[in-house]
Amino acid sequence: MNIPCGTSGGVLIDIERVEVVNRLREEYVYQTIKNYTVDYDRIWIFDKIHHEINQFCSKHSLQDVYIDLFHTVDERLQQALQEACDLWAPGIEIIAIRITKPRIPAAILKNYEQMEAEKTRLLATAQAQKVVEKEEETRQKQATIAAETEAKVSRIQNDRKVSEVEAMKTIRKLEDDALLYHEKILTDAQFYKVQKAAEANQLLLTPEYLQLELVKSVANTTKVYFGPSMSSLFLELTDLLTNKQISKP
């Protein structure tokens, strides 16, 4: 069939073919044929199709009919036909509807073709721009990741250097403490040795020891003195050394 219709803008277009797949349920065959004859499908399908298509075109612009809403026309027609059949001819089931693209005037078609070509070009340009933007975004992300990785590596290296310096400080302090402790032990030992030697010497400086040392010293001299005052000389020297030793703190 060829169905002419006019859009809300006054443009006359033709719909070349509309295919309707339907069936009549068995229990409604007698009643449907009785009411509408065997040509029931002409009344409730073919004629109804003309009416619904003209209603749709008259309420919409050429842009809607030809482009924006064309993909919904078959569903709209199926719904409208089924609602009418359910009300006036129950038993008729509209299974599917297929509609061809409307034919529009050649001049308008050329404009649409130009528009579609321009739209395609714009879409291609936009897609290319998106690709460029995506590549740039990817490069920026890669640069950011690289910078973050480098910063993390730098922080790890700095932390390691700080740890090494701290460890060296700790080792150096332990070595200094050990050396200081060793020196202290040596000093204490030397002091203890000197102190004990002094105490030993103090114990040795008794009057008897001093007298013995005096006798040894006199015995070693090469000169020999005789006379009655020699005994008193020894006694005086002995008393002198003894008193000197006793007077020491």
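Residues numbered from 1 in each chain as written. Predicted model: local features only at pLDDT ≥ 70, side-chain atom pairs only at ≥ 80, totals over all residues. Heavy atoms only, no water.

K.L.:
I'd like a rundown of the overall build of the protein chain, residues and numbers included.
P.N.:
If you tally the helices and strands in the protein chain, you get 7 helices and 4 strands. In the protein chain, the succession of α and β elements from N to C terminus is β-β-β-α-α-α-α-β-α-α-α. The proportion of buried residues among the 249 residues of the protein chain is 20%. Contacts in the protein chain between residues far apart in sequence, at least 24 positions, make up 71% of those at least 6 positions apart. As displayed, the protein chain offers around 18,800 Å² of accessible surface, 59% of which is attributable to carbon and sulfur atoms. (Helix = DSSP H or I, 4+ residues; strand = E, 2+ residues; numbered from the N terminus. Buried < 20%, exposed > 50% of the residue type's maximum accessible area, 1.4 Å probe, protein only. Contact = heavy atoms within 4.5 Å. Areas by Shrake-Rupley, 256 points an atom, 1.4 Å probe, with all protein chains shown as cover.)

K.L.:
Can you explain the side chain of Thr-72? Please cite residues and give values.
P.N.:
Locating Thr-72 in the fold gives a position in the loop between α3 (62-68) and α4 (73-88). Side-chain polar atoms of Thr-72 contact the side chain of Arg-76, separated by 3.0 Å. (Polar contact = N/O pair within 3.5 Å; in protein donor to acceptor, adjacent residues only side chain to side chain.)

K.L.:
Quick one: what's the story with helix α2 (residues 40-58), residue by residue and with numbers?
P.N.:
Between its first and last C-alpha, α2 extends 27 Å over 19 residues, near the 27 Å set by a 1.5 Å rise per residue. Of all the bends found along α2, the most pronounced is centred on Lys-48 and spans about 35°. Within α2 the residues assigned to the buried category are Tyr-40, Trp-44, Ile-45, Lys-48, Ile-49, Glu-52, Ile-53, Phe-56 and Cys-57. (Expected span 1.5 Å × (residues − 1). Bend = angle between axes of the 7 residues up to and from the residue.)

K.L.:
Tell me about the state of the cysteines, and please be specific about residues and values.
P.N.:
In total, this model carries 1 disulfide according to the counting rule given. Sulfur-sulfur distance for the disulfide between Cys-5 and Cys-57 comes to 2.4 Å. Taking the sign of the S-S torsion, about -45° here, the bridge from Cys-5 to Cys-57 comes out left-handed. Highlighted residues: Cys-5 in strand β1 (residues 3-6) and Cys-57 in helix α2, separated in sequence by 52 residues. The pair Cys-5 / Cys-57 is uniform in exposure class, with both members buried. (Disulfide = S-S within 2.5 Å.)

K.L.:
Got a sec to walk through the nonpolar core? Specific residues and values, please.
P.N.:
Of all hydrophobic cores here, the largest spans 31 residues; its most connected members are Val-18, Ile-49, Ile-53 and Ile-92. At the level of elements, β1, β2 (12-15), β3 (18-24), α2, α3, α4 and β4 (92-99) are the ones that each hand at least two residues to this core. The element contributing the most residues to this core is α2, with 7 residues. (Core = buried A, V, L, I, M, F, W, Y, C linked by side-chain atoms within 4.5 Å.)

K.L.:
Please set out the packing of α2 against α4 residue by residue, giving values where relevant.
P.N.:
Between α2 and α4, the least distance of the axes is 10 Å, while the angle of their chain directions is 130°. The angle between α2 and α4 places the two elements in the oblique class. Between α2 and α4 lies a crossing whose hand is right-handed. Contacts between α2 and α4 pair Trp-44, Ile-45, Lys-48, Ile-49, Glu-52, Ile-53 and Phe-56 from the former with Val-73, Arg-76, Leu-77, Ala-80, Leu-81, Ala-84, Cys-85 and Trp-88 from the latter. In terms of residue class, the contact of α2 with α4 is built from 12 nonpolar, no polar and 3 charged. (Axes fitted to C-alpha atoms, helices over the stretch in contact; angles between N-to-C directions. Parallel < 35°, antiparallel > 145°, perpendicular 65-115°, else oblique. Left-handed = near helix turned anticlockwise from the far one by under 90°. Nonpolar A, V, L, I, M, F, W, Y, C, P; charged D, E, K, R; others polar.)

K.L.:
Tell me about unusual backbone geometry, and please be specific about residues and values.
P.N.:
Peptide bonds are mostly trans, and most non-glycine residues show a negative phi. If you check the backbone angles, Thr-37 has positive phi at about 65° while not being a glycine. Along the chain, Thr-37 falls in the loop between α1 (29-36) and α2. For Thr-37, a relative accessible area of 45% corresponds to the partly exposed category.

K.L.:
Just give me the short version of the pattern of salt bridges, but keep the residues and values in it.
P.N.:
According to the stated counting rule, one finds 10 salt bridges in the structure shown. Across the pair Glu-93 and Arg-25 runs a salt bridge whose closest N-O atoms are separated by 2.7 Å. Of this pair, Glu-93 sits in strand β4 while Arg-25 sits in the loop between β3 and α1, placing them 68 residues apart in sequence. Residue class for Glu-93 comes out buried when judged on its relative accessible area of 18%. If you follow the salt bridges from partner to partner, you end up with Arg-23, Arg-25, Glu-27 and Glu-93 in one network. (Salt bridge = Lys/Arg side-chain N within 4 Å of Asp/Glu carboxyl O.)

K.L.:
How would you explain a nonpolar patch on the surface if you had to name every residue and give the values?
P.N.:
On the surface, a nonpolar cluster with roughly 220 Å² of combined accessible area is contributed by Val-29, Ile-33 and Val-38. Relative to the elements of secondary structure, Val-29 occurs in helix α1. (Patch = residues over 30% accessible without salt bridge, like charges linked within 9 Å, V, L, I, M, F, W, Y side chains within 5 Å.)

K.L.:
Run through the pairing of β2, naming residues and quoting values.
P.N.:
Judged by which residues are buried, β2 turns out to be one-sided: Ile-13 and Ile-15 face inward and are buried, whereas Leu-12 and Asp-14, on the alternate face, are not. Both β1 and β2 contribute to a ladder of 4 bridges, which runs antiparallel. Residue pairing across strands places Cys-5 opposite Ile-13, the latter belonging to β2. Hairpin connection of β1 to β2: 5 residues between the antiparallel strands, including Gly-10 at a positive phi of 90°. (Pairing = 2+ DSSP bridges.)

Taken by themselves, the reported measurements are silent on function.
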